[in-house]
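# Overview (structure and organization)
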Amino acid sequence: MNRRIFATALALSIAAFFAPRLAHAEDHLAEAITHTKQAISEGKAGKADALTTHAEEALKHAKAAEAEKANEHTKQGITHLEAAIDHGKQKHADVATKHAEEALTHLEAAQK
């Protein structure tokens, strides 16, 4: 009986150790999508500074997701987020919003 309890405890410990790592890549991608949507919302309101802030946060998460699991859509999303940030810093909210929308399309495709 003690062997069964030990084996069960060991199996649960191993599962608990690896489970956060498996879910972590998905969390970064989900966070990137959430911040990209917020960036788009701010951009549509003409708030280039707020768009830039959310796009920068989305970029951090997208890069982390890409580092954990490479994906062509994530790479394209990163490229468009960088462009959105550049245009947002130049106060071009309309162009930055278009790049953020394109980034969102790629990030959502990477999630599938």
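Structure: above.
First, a word on scope: everything that follows refers to the structure included in this document. Remember, it's a predicted structure, so these values are computed and weren't measured experimentally.

Following the sequence through the fold, His35 ends up in helix α1 (residues 2–44). For His35, a relative accessible area of 15% gives the class buried. The residues contacting His35, other than those within four sequence positions of it, are His54, Glu57, Ala58 and His61.

We now examine the packing of helix α2 (residues 48–68) against helix α4 (residues 93–111). Put simply, α2 and α4 touch, their axes get as near as 11 Å, and they point 25° apart. Relative to α4, the element α2 is oriented roughly parallel. For the crossing formed where α2 meets α4, the hand is left-handed. Of the residues in α4, those in contact with Ala48, Leu51 and Ala62 of α2 are Ala93, Ala96, Thr97 and Leu107.

What follows covers helix α3 (residues 72–89). In a regular helix each residue adds 1.5 Å, so 18 residues correspond to 26 Å; α3 covers 26 Å between its end C-alpha atoms and thus fits that length. Listed in full, the buried residues belonging to α3 are Thr74, Gly77, Ile78, His80, Leu81, Ala83, Ala84, Ile85 and Gly88. Of the residues flanking the start of α3, the one acting as N-cap is Asn71, its side-chain oxygen 2.7 Å from the backbone nitrogen of His73. Remark: Lys91 follows α3 within two positions and exhibits a positive phi of approximately 70°.

As a further point, take the nonpolar core. Leu29, Ile33, Ala55, Leu59, Ala62, Leu81 and Leu107 are the most contacted members of the largest nonpolar core, which has 21 residues in total. Counting only elements with at least two residues in this core, the list comes to α1, α2, α3 and α4. Those residues in contact with Leu29, other than ones at most four positions away along the chain, are Ala65, Thr74, Leu107, Ala110 and Gln111.

Relative to the elements of secondary structure, His99 occurs in helix α4. Separated by 14 residues in the primary sequence, His99 and Ile85 have C-alpha atoms spaced 8.9 Å apart. Beyond its immediate sequence surroundings of up to four residues, His99 is in contact with His80, Ala83, Ala84 and His87.

Here is what the cut-offs are and how they apply
- Residues numbered from 1 in each chain as written.
- Predicted model: local features only at pLDDT ≥ 70, side-chain atom pairs only at ≥ 80, totals over all residues.
- Heavy atoms only, no water.
- Helix = DSSP H or I, 4+ residues; strand = E, 2+ residues; numbered from the N terminus.
- Buried < 20%, exposed > 50% of the residue type's maximum accessible area, 1.4 Å probe, protein only.
- Contact = heavy atoms within 4.5 Å.
- Axes fitted to C-alpha atoms, helices over the stretch in contact; angles between N-to-C directions.
- Parallel < 35°, antiparallel > 145°, perpendicular 65-115°, else oblique.
- Left-handed = near helix turned anticlockwise from the far one by under 90°.
- Expected span 1.5 Å × (residues − 1).
- Polar contact = N/O pair within 3.5 Å; in protein donor to acceptor, adjacent residues only side chain to side chain.
- Core = buried A, V, L, I, M, F, W, Y, C linked by side-chain atoms within 4.5 Å.

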